[in-house]
Amino acid sequence: MASSILRFRKLCYVEPVNCFSDSKIKDPVGPIEKALPELRKQRKQRRGWRCWDMCCWTIGYMCTTWWLLLLLYHSVPLTLPGLQVPESPGLKLKNRGLSALHPVVLVPGIVTGGLELWEGRPCAEGLFRKRLWGGSFTEIFKRPLCWLEHLSLDNETGLDPPGIRVRAVPGLVAADYFAPGYFVWAVLIENLAKIGYEGKNLYMTAYDWRISFQNTEVRDQALSRLKSRIELMFVTNGYKKVVVVPHSMGSLYFLHFLKWVEAPPPMGGGGGLGWCAKHIKTVMNIGPAFLGVPRAVSNIFSAEARDIVFARAMASGFLNSDMFGLQTLERVLRVSRTWDSVISLLPKGGETVWGNLDWSPEENFACDPARKRLLQASSQANHSHPITNSSDGKLRFGVEDPIRFGRVISFGKDSSQLQSSQLKLNDFKELLRNRGNPKQSSCNGEVWTEYEDMSKESIQAIAENKAYTVESYLDLLRFAAPKMMKRAEAHFSHGIAENLDDPKYSHYKYWSNPLETKLPDAPDMEIHCLYGVGIPTERSYVYKLSTPSNKCKRIPFRIDDSANGNDGECLKNGVYFVDGDESVPVISTGYMCAKGWRGKTRFNPSGSPTRIREYQHKAPANLLEGRGFESGAHVDILGNVAMIEDIMRVAAGEELGGDRIYSDILSMSEQVNIRL
């Protein structure tokens, strides 16, 4: 009887059934025994695999895998073959007796510096002095539209929109990590600390990388603060000259500073001639974008780059999905077109540097190593009897037609390969004169991008012009985005100076273009170009018209991800590739140090010595290497042990010696015909 009562209580309270359907229990055993099969059936059904169970098990597997890998990382001896970690450059130089000598100033590039909120709209409540850029990025998922609104600048002034103030994060923490676990300057800072560097002799330049270089001074006095900091470090460190280490766009920013600091006020810093010679020992440019970046072309034109194209090829339609009003690329284009700094990265030097419709300095570049060897062998075999096979009279080696990298944008794969005489070309300067006032937008007053101001005929005219060089692309932007270009071209220029003594070149819009300004009179100030090579890097693009749509907020052009070359060719998913560091081609990173500034030239009248240090890219050998100790990628190179050692040796007072070159930068530079 007792056992029956216990079973009855279990069924009623643990797995309830209708135990009290009657006022009395005549037989406490009979109904229970009859209910047991039904209860077992219900329990079995509840044990079925549910979505919640799937999520829990997935999370469990991921956590278990993570802990196992972490345990493996700390338990596996690093002396095993293939797992040797190179000696830390900091410890290596410390053991050799080197110590901190020259103060070091780090200058971050575009995107990598942190930005924090000082004033915002009601949607940003609770974010005062929190990072909007360069951190955990949790606010992107919580309030993405509010986040984008606060990262945008005023489309007329290029400065803060009303009611919003976003400022650069100061100190070394500004760009040591871009996101948790993703280092930028952290590895270099850590190694510098091992030979004695700290806050008194190591400084990170804080500036808002979104705005034009001159506006960083107008709004934040960033250039004045950098000048004062260098002067202070110079005095407090025994009058030792400063070693400056800019990265990426930071090289352009510091080039602007070199001119600004000696120029008279109010446009300049008033340091006077000789300031740079007195205070700066060496400028060690990492991955410098001196002559611009072709990917800036696609970013401004359609908010795309290689990564976006590959993502679209893998998951077609996702980026253009209307689900939840996503419209990712449209929103990115709207925000980035308010950032004047992006214009500073457009290719400089025109067709002289980047090539025309039929020629480019990389015309003999081969993506496939076997084809490259064939071209080299053919070049040597035909050196005494070259073959002319083009209408422009240039000498070419008769293996096959060269790739026409000079066509930075082509509409259709055929247009990227045909002879220029077979292309249909429009006169955009004539179209600019006849453009007139833009039509009224039909998007309820909200101008998402300037494409809404264009007629279908204008969009079609852009696509009918089958190929664009870097020069005609600027005309295209003036036609398609006149507001952006009017604002941006007041701060930047992209040409080649004929006469550098012309008074017009004293204006700040020319100071960040190495082909339109002189280096300061500092014959002992060294200029180093440090960059990676051996990685396919974007050079030109094949475009097509987007799917016709009458909706607002649409980008009418997109990279044609279906355009591919044959095996071993440089065309993949609508993008042509050349040698570089994954972001900047070799011609941009290396030309000025290889030729433009080499010796006494009109761009380097005092003959400041220049050196090239290339780092051949080597992918990580295993997972324990992380992003690689020998990486040549544009950002990952900041963890390259060889490059870190080179920087530390210069900071500690050693000499690096001569150039170290793996690429074809010298032969490419010889093909660029600029009067020096």
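Residues numbered from 1 in each chain as written. Predicted model: local features only at pLDDT ≥ 70, side-chain atom pairs only at ≥ 80, totals over all residues. Heavy atoms only, no water.

## Considering the packing of helix H8 (residues 213-220) against helix H9 (residues 222-236)
Applied cut-off: Lines fitted to C-alpha atoms define the axes here, with helix axes fitted over just the stretch in contact, and angles between the N-to-C directions of these axes take values from 0 to 180 degrees. Strands here are runs of E lasting at least two residues and helices are runs of H or I lasting at least four, both read from the DSSP assignment and numbered beginning at the N terminus. Our angle categories are set so that under 35 degrees counts as roughly parallel, over 145 as roughly antiparallel, 65 to 115 as roughly perpendicular, and the remainder as oblique. Should any heavy atoms of two residues lie within 4.5 Å, those residues are considered in contact. Gly is placed with the polar residues, together with every amino acid not listed as nonpolar (Ala, Val, Leu, Ile, Met, Phe, Trp, Tyr, Cys and Pro) or charged (Asp, Glu, Lys and Arg).
Here H8 crosses H9 at 85 degrees, and the two axes come no closer than 6 Å. If you check the angle between H8 and H9, you find them roughly perpendicular. Here Phe213, Gln214, Thr216, Glu217 and Asp220 of H8 lie close against H9, whose contacting residues are Ala222, Leu223, Ser224 and Arg225. When the residues that make up the contact of H8 with H9 are grouped by side-chain class, the tally is three nonpolar, three polar and three charged.

## Section: the sheet that holds strand S17 (residues 610-616)
This is how the line gets drawn: One bridge is not enough; two strands pair if DSSP finds at least two bridges between them.
As summarised here, the arrangement of the six strands in space is S7-S1-S8-S9-S12-S17, forming an open sheet in which the pairing is parallel. Of all the strands in the sheet, just strand S7 (202-204) and S17 have a single pairing partner and so form its edges. In this sheet, adjacent strand axes meet at a mean angle of 15 degrees when their direction is disregarded. Against the sheet, helix H10 (residues 249-262) engages strand S1 (104-107), strand S8 (242-246) and strand S9 (280-286), with an angle of about 150 degrees to S9.

## Quick notes on empty space enclosed by the protein
The criterion, for reference: Lining residues are defined by having an atom within 4 Å of a point belonging to a cavity or pocket. Those points lie on a 1 Å grid over the protein atoms alone, cavities being sets where a 1.4 Å probe fits but cannot get out and pockets being open sets with protein on both sides within 12 Å along at least five of seven lines. Grid points are joined across faces, edges and corners, and a volume is the space filled by probe spheres set on the points.
The full count for this structure, using the stated rule, is five cavities of 30 Å³ or more. As for the second largest cavity, its lining consists of Ser251, Phe254, Leu255, Leu258, Val283, Asn285, Phe290, Leu519, Ile527 and Trp597. The element contributing the most residues to the lining of the second largest cavity is H10, with four residues. For the lining of the second largest cavity, the per-class residue count stands at eight nonpolar, two polar and no charged.

## Observations regarding the environment of tryptophan 359
Examined against the element boundaries, tryptophan 359 turns out to sit in the loop between helix H16 (350-354) and helix H17 (369-381). For the pair tryptophan 359 and arginine 404, spaced 45 residues apart in sequence, the C-alpha to C-alpha distance is 6.1 Å.

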